[in-house]
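Examination of the molecular architecture
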Amino acid sequence: MFKKILIANRGEIACRVIRACREMRIETVAVYSDVDSDALHVRMADEAYNIGPAPSSESYLRGEKIVEVALKAGAEAIHPGYGFLSENAEFVRKVQKAGLTFIGPPPEAMEAMGGKISARKIAIAAGVPVVPGTTEPIDSYEEAEKTAGSFGYPVMLKASAGGGGKGMRLVEAASQLKSALATAQSEALASFGDDAVYIEKAIVRPRHIEIQIFSDGHGNHTYLAERECSIQRRHQKVIEEAPSPINSAELRKAMGECAVMVAKAVDYVGAGTVEFLVSDIDHSFYFLEMNTRLQVEHPVTELVTGIDLVREQIRVAAGEPLSFTQDEVKVVGHAIECRIYAEDPSNNFLPSPGTITRLRIPQGPGVRDDGGVYEGVEVSIHYDPMISKFAVLGRDRAEAIDRMRRALAEYEIVGIKTTLPFFRAVMDDDEFQSGKLDTGFISRFMERRKETEPDRSALDLAIVAAALAASKQRADSAASADVARSRPSRWAMSGRLASRDNL
Ligand code: MV4
């Protein structure tokens, strides 16, 4: 087993990996940029090294500098976290060339799954259902017309070099195809320098359900149930849960076995996630892509299975077999996670950097906060504005929602705007509570909020009227002060309320 690991990341995931190392009695090396010198992960690590100025390209993405620090510090392995260099095959080769262990999959598996078309072809060859579509780019409008006609509308045009929803266009009817194809190709050329576009049957109101897989170097490939990730904003996951509200033993087994077939096809090692689109009509599912890294939302899987995925990553990277068998993987309870961002939901989720002047993290039964901040820290504009991921575990989904509502009411972050108010509203939303989720949830939810929210001008007028009435009342009561003194002060009541606020 390793004696010292370098964590090539920052924020909450760096803290998360350090915690796993601590439990395994492994020393930790942090790296940080100039603006992260006081960051929580730097404080938590046994040693820390500056790797450059704030911009990621000059710090957290500098693979050669990170390898150099690992060698200098005497670390035997590097954990990449997620994002940054976590799916960079060239970095993996640099690490291995330096005689160090990369805690993650082989570079070949990363490359096989990196391209959408190659991933699709591997899935097809592995017998895994993919969305009906072309595996080669469309060459002409005539070809597109014929292909779309064979699938039936609606169809989805997708840029081969695109991803994460970029370069995607829904075509509802044949009359729109010609202009949609021309636009999709020109946008793809402008955005990715490659105008290749392919076409798929559109899955209407799909759910995004992903399967956590884990493979070791001894031929064991397992799946650790599913995560429902349909609540996304601009293709960024916002709320994730495990299991899915539509889970069933049959669906989980069918999707899990497909995910394992993909893992086997690329000789996978380590933690990975296979993403599917699931039709809410008949629960048919289709391979979307595979992520060859640990995901942000891994805590909900850990909460319902009891398996520490980071600990397993380190064990497997050290050459040990998985500490569990497929039969031992059990899902107990229901977990929900909210990604808390330093963004202002009342202002189109614009980033809201600044200093956290007060931080009160919820406690009590069934709560878990994977955070990377502390009271007084400066939330920077240089990196992803995610502050923490807050998760709860209940015996079932209803209890998990009750628990999330209670905990979000306790959560206090003062000094910056955050998405906490947004999550409090989602937990009270009937559609969310019904569990009938699909990737269009947030747009419908925001529409409902607009309808119910008073418009700002009416609200501002009401606030001014209330303030005028209060000052008039104070003036009146000052005029009859003798009479008022005999009554119990109403502030005594608010004093009790104030003490509640200091939870
Ligand atoms: C689709 C689709 C419907 N039909 N493909 C979005 C980005 C990438 N993950 C693939 N995406 C989609 N592909 C077909 N044939 C709907 C989406 C989609 C989506 C998928 C998963 C999670 C969120 C989404 C939001 C909008 C569209």
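If you're wondering where the values come from, they're calculated on a predicted model, not measured in any experiment. (Residues numbered from 1 in each chain as written. Predicted model: local features only at pLDDT ≥ 70, side-chain atom pairs only at ≥ 80, totals over all residues. Heavy atoms only, no water.)

1. Re the overall build of the protein chain
- A tally of helices and strands in the protein chain yields 18 helices and 22 strands.
- C-alpha extents for the protein chain along the principal axes are approximately 90 × 65 × 45 Å.
- Within the span of the protein chain, comprising 503 residues, buried residues form 50% of the whole.
- By sequence separation, contacts in the protein chain at least 24 residues apart represent 65% of the contacts at least 6 residues apart.
- Carbon and sulfur atoms make up 53% of the accessible area of the protein chain, which totals about 22900 Å².
- Here the protein chain holds 61 positive side-chain charges and 72 negative ones, and the gap between their average locations is 4 Å. (Helix = DSSP H or I, 4+ residues; strand = E, 2+ residues; numbered from the N terminus. Buried < 20%, exposed > 50% of the residue type's maximum accessible area, 1.4 Å probe, protein only. Contact = heavy atoms within 4.5 Å. Areas by Shrake-Rupley, 256 points an atom, 1.4 Å probe, with all protein chains shown as cover. Lys, Arg positive; Asp, Glu negative; His and termini not counted. Charge placed at Lys NZ, Arg CZ, Asp CG, Glu CD.)

2. Regarding the site of the ligand
- Taken together, the neighbourhood of the ligand is formed by 17 residues, with K158, E200, K201, I203 and Q232 sitting nearest.
- Contact distances for the ligand include 2.8 Å between a nitrogen atom and a side-chain N or O atom of E200.
- Contact between the ligand and I203: a nitrogen atom at 2.9 Å from a main-chain N or O atom of the residue.
- Summarising the interface, the protein chains cover 88% of the accessible area of the ligand, which totals 510 Å² for the free molecule.
- Contributions of two or more residues to the shell around the ligand are made by β6 (155–163) and β8 (197–201).
- A per-class count over the shell around the ligand returns eight nonpolar, six polar and three charged.
- Taken domain by domain, the shell around the ligand gets at least three of its residues from each of domain 2 (132–201) and domain 3 (206–452). (Near = heavy atom within 4 Å. Polar contact = N/O pair within 3.5 Å; in protein donor to acceptor, adjacent residues only side chain to side chain. Nonpolar A, V, L, I, M, F, W, Y, C, P; charged D, E, K, R; others polar. Domains from an automatic or database assignment.)

3. As for the packing of helix α1 (residues 11–23) against helix α11 (residues 309–317)
- At their nearest, the axes of α1 and α11 sit 9 Å apart, and the two run at 65 degrees to each other. Our classification of the angle between α1 and α11 gives roughly perpendicular. Like other packed secondary-structure pairs, α1 and α11 cross with a definite hand, here right-handed. Of α11, the residues touching α1 (which contributes R16, V17, A20, C21 and E23) are L309, V310, R311 and I314.
- Tallied by class, residues from the contact of α1 with α11 come to six nonpolar, no polar and three charged. (Axes fitted to C-alpha atoms, helices over the stretch in contact; angles between N-to-C directions. Parallel < 35°, antiparallel > 145°, perpendicular 65-115°, else oblique. Left-handed = near helix turned anticlockwise from the far one by under 90°.)

4. Here's the deal with helix α8 (residues 174–192)
- Helix length check: α8, at 19 residues, gives a terminal C-alpha distance of 26 Å against a target of 27 Å (1.5 Å per residue), a fit within 8%.
- Largest kink in α8: about 30 degrees, centred on A180.
- All of the buried residues along α8 are L177, A180, L181, A184 and A188.
- Of the surrounding elements, those touching the buried residues of α8 are α7 (141–151), β6, β7 (166–171) and β8.
- Looking one or two residues beyond α8, the residue adopting positive phi is G193, at roughly 70 degrees. (Expected span 1.5 Å × (residues − 1). Bend = angle between axes of the 7 residues up to and from the residue.)

5. Points about the environment of K436
- Following the sequence through the fold, K436 ends up in the loop between α14 (430–434) and α15 (441–452).
- By relative accessible area, K436 is classed as exposed at 51%.
- Between the C-alpha atom of K436 and that of R207, which follows or precedes it by 229 residues, the distance is 9.3 Å.
- In this structure the side chain of K436 is engaged in a polar contact, spanning 3.3 Å, whose partner is the side chain of D280.

6. Thoughts on the sheet that holds strand β4 (residues 77–79)
- Strand order in this open sheet of five strands is β3-β2-β1-β4-β5, and the pairing throughout is parallel. With one partner strand each, in any of the chains shown, β3 (47–52) and β5 (101–102) form the two edges of the open sheet.
- Contacts between α1 and the sheet are confined to β1 (4–7), β2 (27–33) and β4, with β1 contributing the most and set at about 170 degrees to the helix. (Pairing = 2+ DSSP bridges.)

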